[in-house]
Amino acid sequence: MHGPGSPLPLRRESEGRLAGGVVAGISAKTGIDVTALRVVLVVLTLLTTGFFAAVYVITWLVMPMTGETGNIASRALSDKRGIGLAAALGSALAVLMIT
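Keep in mind that this is a model prediction, so the values were computed, not measured.

Q: Would you mind showing me how to read the packing of aromatic side chains here?
A: We describe a pair of aromatic rings using the distance from one ring centre to the other and the angle between the two ring planes. Tallying each qualifying case throughout the model produces 1 aromatic pair. Ring geometry for Phe-51 versus Phe-52: centroids 5.5 Å apart, planes at 90°, classification edge-to-face. Using a relative accessible area of 42% as the deciding quantity, one classes Phe-51 as partly exposed. With relative accessibility at 26%, the residue Phe-52 sits in the partly exposed group.

Q: Would you mind showing me how to read a nonpolar patch on the surface here?
A: There is a patch of nonpolar side chains on the surface, built from Val-39, Val-40, Val-43, Leu-44 and Leu-47 and spanning about 420 Å² of accessible area. Inspection of the secondary structure puts Val-39 in helix H2 (residues 34-47).

Q: Help me understand H2, please; the structure alone is not making it clear to me.
A: Each turn of an α-helix holds 3.6 residues, which means side chains three or four residues apart point in the same direction. Compared with the 20 Å implied by 1.5 Å per residue over 14 residues, the 20 Å span of H2 between its first and last C-alpha is a close match. For H2, every residue scored as buried is listed here: Leu-37, Arg-38 and Thr-45. All buried residues of H2 fall inside an arc of 100° around its axis, so they share one side. The exposed residues of H2 that point more than 90 degrees off its buried face are Leu-46 and Leu-47. Elements that come into contact with the buried residues of H2 comprise helix H1 (22-30) and helix H3 (51-62). Just past H2, the residue Thr-49 takes up positive phi, approximately 50°.

Reading the values: the criteria
- Residues numbered from 1 in each chain as written.
- Predicted model: local features only at pLDDT ≥ 70, side-chain atom pairs only at ≥ 80, totals over all residues.
- Heavy atoms only, no water.
- Phe/Tyr/Trp six-rings, centres within 6.5 Å; stacked < 30°, edge-to-face > 60°.
- Buried < 20%, exposed > 50% of the residue type's maximum accessible area, 1.4 Å probe, protein only.
- Patch = residues over 30% accessible without salt bridge, like charges linked within 9 Å, V, L, I, M, F, W, Y side chains within 5 Å.
- Areas by Shrake-Rupley, 256 points an atom, 1.4 Å probe, with all protein chains shown as cover.
- Salt bridge = Lys/Arg side-chain N within 4 Å of Asp/Glu carboxyl O.
- Helix = DSSP H or I, 4+ residues; strand = E, 2+ residues; numbered from the N terminus.
- Expected span 1.5 Å × (residues − 1).
- Arc of directions from axis to C-beta.
- Contact = heavy atoms within 4.5 Å.

So, to be careful, I would describe these as geometric facts and stop short of saying anything about function.
What follows is the structure in C-alpha cells.
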C-alpha cells in the first residue's frame, strides 16, 4: 500500500516532481495536494529568508528515491568526488544563509 496511511517510509517521488521529488513524496505519503505543499514551501522560504530552501536541500540529500535503498548523501560519502561536491554544496549553502 502506497499513499496516505501507508506503513512504508517517506520517499522522494520520481513521478510528478519538479525539482528533487521531496514535496511530491510528502504529498504521496500524506495525501495533501502537491500544489498546496509547493505553495507553502515557497511562502515559508520567502518568510524565513531561505531557511526552508536549505531544509529542502538537506531533505533531498537524505531522503531516498522511491524504489531505491540508499540516498544521495550516502552515495556521495562513498565517492571521493561526491565528498568534494557535498562540501562545496554545504559551503555554498552556508554562504547563502549568512548573507
